[in-house]
Amino acid sequence: MVILSKATSFFNGVPLIDLSKPDSMNLIVKACEEFGFFKVVNHDVPMEFISKLESEAIKFFSSPLPEKLKAGPADPFGYGNKQIGKKGDIGWVEYILVSTNSEFNYQKFASISSLNPENIRAAVNDYVTEVQKMACEVLEMLAEGLKIHQRNVFSKLLMDEKSDSVFRVNHYASCSEIDEFNGNNVIGFGEHTDPQIISVLRSNNTSGLQILLKDGDWMSVPPDENSFFVNVGDSLQVMTNGRFKSVKHRVLANSVKSRLSMIYFGGPPLSEKIAPLPSLMEGEDSSLYKEFTWFEYKKSAYKTRLADNRLILFEKIAAS
Ligand code: GA4
């Protein structure tokens, strides 16, 4: 168990993007440059879909552990408990990871007596369809804000039928016993960046998410169950040649309340080449990264420890 000394203060500088306002485009670009992170309101994702999925998730996580384990391990998809990835990272978290592909099979969830896998599938599909739409709207505004000719240059990767996007629900039980005992923070999900293009997170009203600012301070993001939080992923950092920053983030377990978060990770098709867009490079040789396919990057990223700097493998200067 990783324990940190307590030093939490709420950050009131998270950029706020109101999707109903026409001036959002430049604000999103600025947020992606400065923080790689922002909050979205007036998103048009129906509350009904959020609540339906949340209640399916609560039903799942409140099942007895032996039942939940029947849906595991997360290899790569299914139920996982405390273990994150393959390199020994441990967190105070349990989770479900699924593919957003319409052909994804929910049979792993069929052996849990109190659940109907068809209900989970329907709830995930309804929710993901709407969140993906919102993510695409954001990505199209970003492309326009960057003056890229092709408005769907990023969003088409998420909309591709072969898009390698995943969906995750994390449940962080309250950690009162451990926390009260030593007065420290317990790591729910260790610090990392997301390898995909974009991540869209929604949580219940429990705090825990922190982002790392440029000056090296970890800041707690005030929770908001009615909004979404958006992260720039490593692949978007590369495609923008480093102009947008893939934000380092982590989750601390809450000592009083449990936290439930749902995250859509929008990724490209496995065969997609990830490289800086020509219009975002000053000259031909100004690319900061070597070209790689999403398959190559994902393969190497999944071999790293959570906190490792994955992009270094593809940085031109670091490699030469
Ligand atoms: C972070 C983003 C997503 O949750 C995830 C994670 C994945 C996993 O949990 O298996 C990884 C992590 C994430 C980045 C580095 C590798 C892979 C754990 C890990 C140590 C599903 C993803 O795509 O990358």
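Structure's up top.
Before going into details, it helps to say that this report is about the structure given with it. (Residues numbered from 1 in each chain as written. Predicted model: local features only at pLDDT ≥ 70, side-chain atom pairs only at ≥ 80, totals over all residues. Heavy atoms only, no water.)

Side chains of strand β12 (residues 249–252) alternate between two faces, with His249 and Val251 and Arg250 and Leu252 buried alike. Relative to β12, strand β9 (residues 209–212) is paired through three bridges, and the arrangement is antiparallel. Bridging across to β12, leucine 209 finds its partner in valine 251. (Buried < 20%, exposed > 50% of the residue type's maximum accessible area, 1.4 Å probe, protein only. Helix = DSSP H or I, 4+ residues; strand = E, 2+ residues; numbered from the N terminus. Pairing = 2+ DSSP bridges.)

Taken together, 15 residues form the shell around the ligand, and within it Arg168, Pro195, Gln196, Phe265 and Tyr302 come nearest. The separation between an oxygen atom of the ligand and a polar side-chain atom of arginine 168 is 2.8 Å. Within the side chain of tyrosine 302, an N or O atom sits 2.5 Å from an oxygen atom of the ligand. Burial of the ligand by the surrounding chains reaches 97%, relative to a free accessible area of 460 Å². Among the detected pockets, the ligand sits in the largest pocket. Grouping the amino acids of the shell around the ligand by side-chain chemistry returns seven nonpolar, four polar and four charged. (Near = heavy atom within 4 Å. Polar contact = N/O pair within 3.5 Å; in protein donor to acceptor, adjacent residues only side chain to side chain. Areas by Shrake-Rupley, 256 points an atom, 1.4 Å probe, with all protein chains shown as cover. 1 Å grid on protein atoms, 1.4 Å probe; cavity = no way out; pocket = protein on both sides within 12 Å on 5 of 7 lines; lining within 4 Å. Sits in = over half its atoms within 2 Å of the grid points. Nonpolar A, V, L, I, M, F, W, Y, C, P; charged D, E, K, R; others polar.)

Tracing the chain through its elements places glutamate 94 in strand β5 (residues 89–99). Looking at glutamate 94, the relative accessible area reads 10%, which means it is buried. Within polar-contact distance, the side chain of glutamate 94 engages the side chain of tyrosine 79 at 2.4 Å. When residues no more than four places from it in sequence are discounted, the contact partners of glutamate 94 are Phe61, Lys68, Tyr79, Gly80, Asn81, Val169, Asn170 and His171. (Contact = heavy atoms within 4.5 Å.)

Any functional reading would require information beyond the geometric quantities listed.
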